[in-house]
Amino acid sequence: MLHKLYQKLILKYPLSVLVILVSTILIFGTNVTKLEIDASAETLLLNDDKDLAFSRTISKRFDANDVLILAYKPKQDLLSPQSLQTLTDISNDIEELPGVESVDSLITLPLFFSPIREMDDLINETRTLKSDNVDLSLVKQEFLTSPLYKDRLVNKDFTISSIFINLHQDPEYFTLLEKRNLLLDKQKNTSLTEKEKKSLLEVSKAFKKHRDEQRILDNNNIEEIRSIITKYQDNATFFLGGAQMISNDIVSFVKSDLLVYGTMLILLLILVLGIVFKKPRWVAIPILICTLSVIAITSSLGFFGWEITVISSNFIALQLIITISIVLHLIVRYEELLTLYPRALSKRLILLTMLTKATPTFFAILTTIAGFSSLLYSHIYPVINLGWMMSVGITFSLVISFIVFPTVLMLLKKIPPVKRKKSRFFLPSLTSKIVLRDKKGIFTVTFFIIVFSITGASQLIVENSFINYFKKDTEIYKGMKIIDQELGGTTPLDVIVTLSEVNSTLAHIPSTQENMEEDEDSFENEFDNTKDQDQYWFTDEKIAIIKDVHDYLTYIAQIGEVQSFATLLETGKILNQNKDLDSIDLALIYQKLPQKYRKIILVPYVNIEYNQLRFATRIVDSNEALRRDALLKTIKDDLTHIIDPKIGTVQLSNLMVLYNNMLQSLFHSQITMIGLVLLIVFFMFFILFRSFKLTLIALTVNIIPIGMVFGFMGWLHIPLDIMTITIAAIAMGIGIDDTVHYIHRYKVEYAKDNLSYFSMHRTNTSIGNALYFTTLVIVIGFSILTLSNLLPTIYFGLLTMLVMIAALISDLILLPKLLLLFKPFKKTIKM
């Protein structure tokens, strides 16, 4: 059928076929403009994560707004008139921005100990740095030692201060999100009515439209803040931090990488192809096919509304790997046939090239798709999308290559093949000699590689932090490190304690107030009976829980800032002549406390309606001892022992938990699915080769490069994260491709004379050239990714280069050695 297709259509009407294909791709290519990049925190979350729903609920209950932190380091003393004036001016400018709700800084936050005053005076009159007759020495001491401000508002050296930029909440986003998710959940569990299907379509469109509009506003907000910062850079140094800022900068870096490094990659490929093949056609045809393949897949992504994320940002690079591999195999095969049959008609040579490469290329692509299919079993949409992107993209590459390559060659004049100087140091020839002369060396080296891989892989950790996405010399890294290490940490983690509804059970907790007087006991009994009154909610037993949890969290080295109702209790103790505030004091304070102060010191940490306590912390991401999963499990276990389960339950929330859930899920799903992919590939090899022995050989040769990569990652302490964990699928895809081509060619060569050694030599010096040139071009091309500002992209480039080299060595040395040893092919009888 393929023979007829080429004879009667593609090779008969090459110009028409080429024009129709190129025109179709270019017309469809207008959808490239619809391609979007999404680097928000939500792209790194599990879609079916119960903690995600809980986190959103907690965010609403405790009125937790998104916050940007601006580190302010003036050239003069923090409390000098010039520094305070600059701080006032920049705060006022930022507060006028439409996306900003309020700005908190040294000049706006209340002073409680400068000097210490009676509680009633504090409630009636709030003093700030703007107030008259403020003692700056007392203010400095308060900012450095106050439970409310130390290690959060200012650093220990009193040289840097935080400006907290509170962003407007977006209630419409969560309203649309809830409506959409309710319908999606129902669609999964049951079936939707026609009306509900229409409603789901409408709400999904409305959600995406609102989200896209909000992204533009958020981006403009960040840009306007940075524009304001530049006005004051003569007076101070500024570093901006926060989840929204990280998301915005990652989008910028991804766009830069796609544009700059994509262009440079193409230019480098042109250079390398020119040096290797020395013919303009062998430069133009691969670049044309790569360009058409990339346009086809990016247009499809834009058409179907699939977005590029941090995880899938390198899909174009992966697409180029597979496309270049297909085209170079065709080029090398055509050159071989041209050398053998220099007088043959061009049409015959092209037809023979396409037919002889069709079967191995088809099965190579099929097994490559099987490698990427492991990504489809993730619970993270961007990872799933990457699996689909690569599967569809590889299919496009196969179809476009097998149409464009023959049609363009038909339109070009046949020219003699390039005569290459044979060198004994040329890798394919060299590997052939190594295999022929080797006795036990190859297997000895393989054994040590296996040991290296196992010991290295055993040291792998599933870990990463946002700060480690960026190079140390970038401004974003420097800013995040200052905020992380000196101003309370980066990644938010909330500890939520939900207390029992039955107040009587609180008696099981030992009270921190000893020798309580009878009248206080009767007072406790009184608000057991009047629990509907909010001021009576603050019992001594609840106060004890708050203090115990808060104190525990402050002693954890990986946690920076800890804010809770205990912070107010510590502040109150200092104001109360170093005496602890009891339930009576708190009931009175609560009754007198103005609503505006409740929103600041109470609402973020206590929800009386739901009987919940919130302990807001920030994790120090730059702490080298940080192991997210282990830390979260330790906190959960320890707090379960601190708080009697009958009294209350503990649940962890916010971005720290959600990001860790994603990493753990990705790791476990990939480990499980690699096994399944190996099984799928095993059966595909068996169907292709019809030999159990040959199937095991092919599988072994492909497992070695994967193990080698994980071994290097373990020994070099490169963590498994959202980017590096996909390298297994990439390694599988690339390695299988080379193996299929090698074995298929070896089988053809062996059938000629049934001599294993000569067959191996001919295979290495024929198909080995294609494997070598493919690896050389891709390794040199991908070296450009090491110049990216995003460390995940750098790791991706380095690991891809390592995979390519490992797969090449495995296929040119280990594979032929195993074929010679086990002799999987039967001798054919020549007539």
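Attention now moves to the packing of aromatic side chains. Evaluated as defined, the whole model comprises 22 aromatic pairs. Seen in terms of ring centroids, tyrosine 173 and phenylalanine 207 are 5.2 Å apart; in terms of plane orientation they differ by 45°. Their pairing is tilted. Here phenylalanine 207 lies in helix H8 (residues 194-231) and tyrosine 173 lies in helix H7 (residues 171-189), a separation of 34 residues in the sequence. Look at phenylalanine 207 and you get buried, because its relative accessible area is 5%. With centroids separated by 5.3 Å and ring planes inclined at 65°, the aromatic side chains of phenylalanine 277 and phenylalanine 773 adopt a geometry described as edge-to-face. Linking phenylalanine 277 in helix H9 (residues 243-277) with phenylalanine 773 in helix H27 (residues 767-782), this pair joins segments that are 496 residues apart in sequence. The same class applies to phenylalanine 277 and to phenylalanine 773, which are both buried. Taken together, the ring pairs connect Phe28, Phe303 and Phe304 into an aromatic cluster. Sitting above the plane of the tyrosine 610 ring, arginine 61 keeps its charged end 3.6 Å from the centroid. Over the face of the ring belonging to phenylalanine 207 we find arginine 180, whose NZ or CZ atom lies 4.5 Å from the ring centre.

Time to look at the nonpolar core. Counting residues in hydrophobic clusters, the biggest one holds 196 residues, and the most contacted among them are Ile94, Phe143, Ile165, Phe405 and Phe470. Setting aside its immediate chain neighbours within four residues, isoleucine 165 contacts Asp66, Val67, Leu68, Leu70, Ile94, Val100, Ser102, Ile225 and Leu240. Ranked by size, the runner-up nonpolar core spans 41 residues in total, among them Tyr552, Val562, Leu581 and Leu613.

Turning our eyes to something else, we now look at the packing of helix H11 (residues 315-340) against helix H13 (residues 381-411). In the contact formed by H11 and H13, the axes pass within 9 Å of each other and the chain directions differ by 30°. Taken together, the axes of H11 and H13 lie roughly parallel to each other. As H11 runs across H13, the sense of the crossing is right-handed. Contact with H11, carried on its side by Phe315, Leu318, Gln319, Ile322, Thr323, Ile326, Val327, Leu330, Ile331 and Tyr334, involves Leu386, Met389, Met390, Gly393, Ile394, Ser397, Leu398, Ser401, Phe402, Phe405 and Leu409 of H13 and no other residues of that element.

Relative to the helices and strands, phenylalanine 113 resides in the loop between strand S2 (100-104) and helix H5 (119-124). Residues phenylalanine 113 and leucine 631 lie 518 residues apart in sequence; the distance between their C-alpha atoms is 35 Å. Not counting residues up to four positions away in its chain, the partners in contact with phenylalanine 113 are Leu138, Glu142, Ser146, Pro147, Thr571, Ile574 and Leu575.

If you walk across this open sheet you meet the four strands as S2-S3-S1-S4, and the pairing is antiparallel. With partners counted over all chains shown, the strands left at the sheet margins are S2 and strand S4 (236-241), one partner each. When the angles between neighbouring strand axes are averaged without regard to direction, this sheet yields 20°. Bridging between strand S1 (residues 67-74) and strand S3 (residues 161-167) involves six bridges; their strand directions are antiparallel. Of the residues in S3, the one forming a bridge with tyrosine 72 is serine 161. H8 rests against S1, S2, S3 and S4 of the sheet, and its axis sits at about 170° to S4. Sitting on the sheet, helix H16 (residues 475-486) is in contact with S1 and S4, with an inclination near 90° to S4.

Here we take up helix H2 (residues 14-28). If you check H2, its first and last C-alpha atoms are 21 Å apart, about what 15 residues at 1.5 Å a residue would give, namely 21 Å. Buried residues of H2: Pro14, Val17, Leu18, Leu21 and Ile25, and no others. In a view along the axis of H2, the buried residues occupy a sector of 95°, so they form one face of it. Among the exposed residues of H2, those pointing more than 90 degrees away from its buried face are Leu15, Ile20 and Ile27.

Cis peptide bonds are those with omega within 30 degrees of zero, and the linkage from serine 114 to proline 115 qualifies with 0°. One can find proline 115 in the loop between S2 and H5. Its identity is not glycine, yet arginine 690 carries a phi of approximately 55°, on the positive side. Here arginine 690 shows up in the loop between helix H23 (655-689) and helix H24 (692-715). Although it is not a glycine, asparagine 754 adopts a positive phi angle of roughly 60°.

Okay, a positive patch on the surface next. Together, Lys4, Lys8, Lys12 and Lys347 give the surface a local cluster of positive charge. Topologically, lysine 4 is positioned in helix H1 (residues 2-10). Residue lysine 4 is classed as exposed on the basis of its relative accessible area of 55%.

Cut-offs applied
Residues numbered from 1 in each chain as written. Predicted model: local features only at pLDDT ≥ 70, side-chain atom pairs only at ≥ 80, totals over all residues. Heavy atoms only, no water. Phe/Tyr/Trp six-rings, centres within 6.5 Å; stacked < 30°, edge-to-face > 60°. Helix = DSSP H or I, 4+ residues; strand = E, 2+ residues; numbered from the N terminus. Buried < 20%, exposed > 50% of the residue type's maximum accessible area, 1.4 Å probe, protein only. Lys NZ or Arg CZ within 6 Å of the ring centre and 35° of its normal. Core = buried A, V, L, I, M, F, W, Y, C linked by side-chain atoms within 4.5 Å. Contact = heavy atoms within 4.5 Å. Axes fitted to C-alpha atoms, helices over the stretch in contact; angles between N-to-C directions. Parallel < 35°, antiparallel > 145°, perpendicular 65-115°, else oblique. Left-handed = near helix turned anticlockwise from the far one by under 90°. Pairing = 2+ DSSP bridges. Expected span 1.5 Å × (residues − 1). Arc of directions from axis to C-beta. Patch = residues over 30% accessible without salt bridge, like charges linked within 9 Å, V, L, I, M, F, W, Y side chains within 5 Å. Areas by Shrake-Rupley, 256 points an atom, 1.4 Å probe, with all protein chains shown as cover. Salt bridge = Lys/Arg side-chain N within 4 Å of Asp/Glu carboxyl O. Lys, Arg positive; Asp, Glu negative; His and termini not counted. Charge placed at Lys NZ, Arg CZ, Asp CG, Glu CD.

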